[in-house]
Amino acid sequence: HSRPELHADDLARVRRDLIAHLKGETDTYAVQYRALLQDGSTVWIEDRGRVMARNADGRATRMIGTRRDISESHRQAEQLRLAATVFEAASEGMAIMDAEFRLLAVNQACCTLSGYARDELVGRSVARLASSEDSRQQYASIRECLARDGYWQGELIETRKNGEVYPQWAQMRV
């Protein structure tokens, strides 16, 4: 069983970080890199370690550490990054809310549509932003539908920051 080969694009960085640690420039050694397997596939590896003993000249004589395959967590992080890119680049206004209709995240299109800046929306309750009694009652009905069916879609009458009222087609899923 042969050892995986370090990916050429990561070699200089891994070497630099290891040498810095061996010279005593860092307290711990931690690096993530790609390794090539014999079948040509690539895995992501994380090495963590620490020099445990040095000789009289300060040279490292003993180092301990761990090596683990982080391919799956790296793949998941990449999927999250791609999803965030799609969310932000969507031309439709999109928002992520918690069970109490508090906004956890909004995309730029949502900000443009509503006239509110992101920091004016995130953390606020959508129901509180509702401008009319009809809108507030509609959110109660939407909440019931979401609890019962797991989704809701329909038209909402919303108010932009500048006071302009506009219709908005919304789809919500639990």
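A brief look at the structure comes next.

Reading guide: rules and limits
Within each chain, residue numbers correspond to sequence positions counted from 1 in written order. Where local features are concerned, this predicted model is filtered to residues with pLDDT of at least 70; where side-chain atom pairs are given and counted, the filter is 80 or more; whole-chain, interface and lining totals use all residues. Working from all heavy atoms in the structure, the side-chain values ignore hydrogens and water. For the purposes of this entry, the term helix denotes a DSSP run of H or I that reaches at least four residues, the term strand denotes a run of E that reaches at least two, and both are numbered from the N terminus. As defined in this context, the radius of gyration uses C-alpha atoms, and a globule is described by 2.2 Å times the residue total to the power 0.38. We call a residue buried when its accessible area falls under 20% of the maximum for its residue type, exposed when it is over 50%, and partly exposed in between, using a 1.4 Å probe and counting protein chains only. Contacts between residues were defined by any pair of non-hydrogen atoms, one from each residue, lying within 4.5 Å. We treat Lys and Arg as the positive residues and Asp and Glu as the negative residues; His and chain ends play no part in the count. For this purpose, a charge sits on NZ of Lys, CZ of Arg, CG of Asp or CD of Glu. For a helix, the expected span equals 1.5 Å multiplied by the number of residues minus one. The directions from the helix axis to the C-beta atoms are what the arc is built from. Only when DSSP finds a minimum of two bridges between them are two strands counted as paired. Inter-axis angles, ranging from 0 to 180 degrees, are taken between N-to-C directions of lines fitted to C-alpha atoms, where helices are fitted over the stretch in contact. In these notes, a set of buried Ala, Val, Leu, Ile, Met, Phe, Trp, Tyr and Cys residues joined through side-chain atoms within 4.5 Å is what counts as a nonpolar core. A side-chain nitrogen of Lys or Arg and a carboxyl oxygen of Asp or Glu constitute a salt bridge if their distance falls within 4 Å.

### Notes on the overall build of the protein chain
Within the protein chain, the secondary structure is distributed over six helices and eight strands. Tracing the protein chain from N to C terminus, the helices and strands come up as β-α-β-β-β-α-β-β-α-α-α-α-β-β. Computed over its C-alpha atoms, the radius of gyration of the protein chain comes to 26 Å, more than 25% above the 16 Å expected for a compact globule of 174 residues. Structurally, the protein chain occupies a C-alpha span of about 80 × 40 × 30 Å along its principal axes. Within the protein chain, the fraction of its 174 residues that count as buried is 27%. At a minimum sequence separation of 6, the contacts of the protein chain that also span at least 24 residues come to 29%. In the protein chain, which carries 25 positive and 26 negative side-chain charges, the distance between the mean positions of the two groups comes to 7 Å.

### So, helix α1 (residues 8-22)
Residues spaced three or four apart along an α-helix face the same direction, because each turn holds 3.6 residues. The first and last C-alpha atoms of α1 sit 21 Å apart over 15 residues, in line with the 21 Å expected at 1.5 Å per residue. Residues of α1 that are buried: Asp10, Val14, Ala20 and His21. Projected down its long axis, α1 shows its buried positions confined to an angular sector of 130°, all on one face. Across from the buried face of α1, at angles greater than 90 degrees, the exposed residues are Ala8, Ala12 and Arg16. Contact partners of the buried residues in α1: β1 (5-6), β2 (29-36), β3 (42-54) and β4 (60-69). Once α1 finishes, Gly24 follows within two positions and takes phi at roughly 85°, a positive value.

### A look at the sheet that holds β4
Through backbone hydrogen bonds, the strands of a sheet pair up, either in parallel or in antiparallel fashion. Ordered in space as β1-β2-β3-β4, the four strands form an open sheet in which the pairing is antiparallel. The strands lining the two open edges of the sheet, one partner per strand, are β1 and β4. Across nine bridges, the pairing between β3 and β4 is antiparallel. Counterpart to Arg48 in the pairing with β4 is Thr66. Where α1 meets the sheet, it contacts β1, β2, β3 and β4, and its direction lies at approximately 155° from that of β2.

### Observations concerning the nonpolar core
Judged by nonpolar contacts, the single largest core of 17 residues is most densely connected at Phe101, Leu121, Tyr139, Ile142, Trp152, Leu156 and Met172. Counting residues per element, the ones that place at least two in this core are β6 (103-106), α3 (108-114), α5 (126-129), α6 (133-149), β7 (151-159) and β8 (165-173). Ranked by residues supplied to this core, first place goes to α6 with four residues. Contacts of Ile142, omitting those with residues within four sequence positions, involve Phe101, Trp152, Leu156 and Met172. Residues Val31, Ala35, Val43 and Ile45 belong to the second largest nonpolar core, which totals seven residues.

### Describing the pairing of β6
Where strand β5 (residues 95-97) and β6 come together, three bridges link them in antiparallel fashion. Each residue of the ladder has a partner; that of Ile96, found in β6, is Ala105. Between the antiparallel neighbours β5 and β6 lie five residues, among them Phe101 with a positive phi of about 65°.

### Things to note about the pattern of salt bridges
In the structure shown here, the tally under the stated rule is 14 salt bridges. Notably, a salt bridge pairs Arg81 with Glu78, separated by 2.7 Å at the nearest N-O pair. With Arg81 and Glu78 both in helix α2 (residues 71-89) and three residues apart, this pair spans about one turn of that helix. For Glu164, the salt bridge identified is with Arg160, shortest N-O distance 3.2 Å. Connected via shared salt-bridge partners are Asp10, Arg13 and Arg34.

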